[in-house]
Amino acid sequence: MQLSHTRPVAAARFDDPNLMSTAGLVPVMSLAQASGLLSLADRHLSVPTDKGANAGRKIASLVGGMVGGADSIADLAILRHGAMGTVFDRPYAPSTLGSFLRQFTFGHVRQLDAVASRFLSALAQRSPLVAGIGTGRVLVDIDDSIIEVHGHGKQGSGYGYSGVRGLNALLTTVTTDTCAPVIVGQRLRRGACGSPRGAARMVADALAAVDRLRTHSTESAAESTQKVLVRGDSAFYGHPTLRAAIRAGADVSVTVRLTATIKRAIESIDDDAWIPIEYTDALYDEATDTWISRAEVAEIPFTAFASQPKAHRIPGRLVVRRIPDLRPRKDPDQGTLFDIWRFHAFFTTTDPDDLDTVAADKLHRHHAIIEQVHADLKNSALAHLPSGRFTANAAWLVCAVMAFNLTRAAGTLTGDPKLTKATTGTIRRTLVSVPARIASSARRLTLHLPTHWPWETAWHNLFDTTFGRTQPIIV
């Protein structure tokens, strides 16, 4: 594509008050308002002084700015251009929103957590955001990530397991067979914090949130006989976290480190017990109905924390995957008398009749989906933690999570299968960042959008669902 020769661009002026660059915020924020975001914030937030006034509109401004692509307080100025002040009432200045965030204490952050939880339940009632939660398998994943910061001015920043200076964000997500991951819990922690710190409480809160979502689901939860499965990596293999999940009625599937106890258990597996699985470079043999693969899995009964008091012991299965160790040797010409394997093991309490060895391994490997959620957030609102105050950044994280869930809910209302499970960046590019020109007639606004917009049908579906036919028309 090249610039036109027949009609070259000769000038550019920022002089049209009827234009807006993010017309998709109209149906998205309509969904947020209908789901009670403003009223929930007004009801539950008690931020003091005049800076905490109109908490509902300020939280909505923060969430709306993040949906529109803001990843810093200064970027919230995107709410105050062109016709935004006509379409939306009182879009706040970035400085006002920054002062609002700096008034937060830890208690106010917990109040905002309550808003986020109730807002998620309302979104689930108005959209197929968590479709299948009442009838199918429900997976809860927990993982943390370091959000890099720079300088010593950030309260709580430090060097954690990643070796970079930052703050630690702990997330829990829920996924079903038919829906993309949705964040049900979040907590900002010190950068030098260990991964399992507070994980037991997070798991308990996440499972309570799943119960509420099932209760509010239009699907019949009574039809589902499967337990919720909590997945995590080896950092979360500890009695408090696993016991919190089991106490709430869930199963667990958690990676284990190759300690001496685990190595002895692996050595006790019979050679005939290993089963080839679908893995990298695997081939499927239709004649024998088996996979020809260098990766194999096996399992044995195992009791977690057997050396601890009896009340801490958890019976289950140890599922082990082994692959050939293809790392280069010091002397490549020297052969070996036997194969050298690399082992990856995880502990699970799932029923073997429900998940056999191969299925359990495949399901556990999908835990990596939560890494995509962390990457999605870091590609949008969590690209930065904008304040020097720890509690302001903690509130920013909660708002980022609400923006994430709201964007995902909007994607599910489009009816487009590609957008139902798309990243928030894709939804923002296709549905939110659509330019429009407003026109007023009979005290009603009409949005004029670009012709031949590739995602016009999806945009219309979202708008019609959130507004209905009696609301402003789109041309």
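A few points on the structure. For clarity, every value in this text was computed on a predicted model and none was experimentally measured.

As for the pattern of salt bridges
Right, on to step 1. A complete count under the given rule lists 11 salt bridges for this structure.
Right, on to step 2. Put simply, R317 and E299 hold a salt bridge, and the shortest N to O gap is 2.7 Å. Taken as a pair, R317 in strand β12 (residues 314-324) and E299 in strand β11 (residues 296-304) lie far apart in primary sequence, 18 residues in all.
Right, on to step 3. Residue R317 is classed as buried on the basis of its relative accessible area, which comes to 5%.
Right, on to step 4. A relative accessible area of 24% means that E299 is categorised as partly exposed.
Right, on to step 5. Residues joined by salt bridges that share partners form a network here, namely R321, D361 and R365.

Some words on unusual backbone geometry
Right, on to step 1. Its identity is not glycine, yet T49 carries a phi of approximately 65°, on the positive side.
Right, on to step 2. Summarising the element assignment, T49 is placed in the loop between α2 (37-44) and α3 (55-67).
Right, on to step 3. Residue T49 is classed as partly exposed on the basis of its relative accessible area, which comes to 49%.
Right, on to step 4. One non-glycine residue, R443, adopts positive backbone phi at about 60°.
Right, on to step 5. Examined against the element boundaries, R443 turns out to sit in the loop between β14 (436-441) and β15 (444-448).

What to know about the layout of surface pockets
Right, on to step 1. Computed from the structure, the second largest pocket encloses a volume of approximately 370 Å³.
Right, on to step 2. Forming the boundary of the second largest pocket are 23 residues, of which D113, S117, V184, D205 and R212 lie nearest the centre.
Right, on to step 3. Secondary structure elements with two or more residues in the lining of the second largest pocket: α6 (106-126), β5 (182-189), α7 (199-216) and α12 (390-412).
Right, on to step 4. Broken down by element, the residue count for the lining of the second largest pocket peaks at 8 residues, all from α6.

A look at the packing of aromatic side chains
What describes a pair of aromatic rings is the distance from one ring centre to the other and the angle between the planes of the rings.
Right, on to step 1. In total, this model carries 8 aromatic pairs according to the counting rule given.
Right, on to step 2. For the pair F100 and F104, a centre-to-centre distance of 5.2 Å together with 85° between the ring planes defines the contact as edge-to-face.
Right, on to step 3. Judged by its relative accessible area of 0%, F100 is buried.
Right, on to step 4. Accessibility expressed as a relative area gives 1% for F104, which makes it buried.
Right, on to step 5. Judged by centre distance (6.2 Å) and plane angle (65°), the ring pair of F302 and F347 falls under edge-to-face. Residue F302 is found in strand β11, and its partner F347 is found in strand β13 (residues 341-348); the two are separated by 45 residues along the sequence. The same class applies to F302 and to F347, which are both buried.
Right, on to step 6. Here the aromatic cluster, defined as three or more aromatic residues joined through ring pairs, consists of Y237, F302, F305 and F347.
Right, on to step 7. The ring of W341 carries the charged tip of R322 above its face, separated from the ring centre by 4.0 Å.

Quick look at the sheet that holds β14
Right, on to step 1. Judged by pairing direction, the sheet is antiparallel, and its 3 strands sit side by side in the order β1-β14-β15 without closing on themselves. Both edges of this open sheet fall to β1 (19-20) and β15, since each of them pairs with a single strand only.
Right, on to step 2. Both β1 and β14 contribute to a ladder of 2 bridges, which runs antiparallel. Across the sheet, L19 pairs through a bridge with R437, a residue of β14.

Rules used throughout
- Residues numbered from 1 in each chain as written.
- Predicted model: local features only at pLDDT ≥ 70, side-chain atom pairs only at ≥ 80, totals over all residues.
- Heavy atoms only, no water.
- Salt bridge = Lys/Arg side-chain N within 4 Å of Asp/Glu carboxyl O.
- Helix = DSSP H or I, 4+ residues; strand = E, 2+ residues; numbered from the N terminus.
- Buried < 20%, exposed > 50% of the residue type's maximum accessible area, 1.4 Å probe, protein only.
- 1 Å grid on protein atoms, 1.4 Å probe; cavity = no way out; pocket = protein on both sides within 12 Å on 5 of 7 lines; lining within 4 Å.
- Points joined across faces, edges and corners; volume = space filled by probe spheres on them.
- Phe/Tyr/Trp six-rings, centres within 6.5 Å; stacked < 30°, edge-to-face > 60°.
- Lys NZ or Arg CZ within 6 Å of the ring centre and 35° of its normal.
- Pairing = 2+ DSSP bridges.

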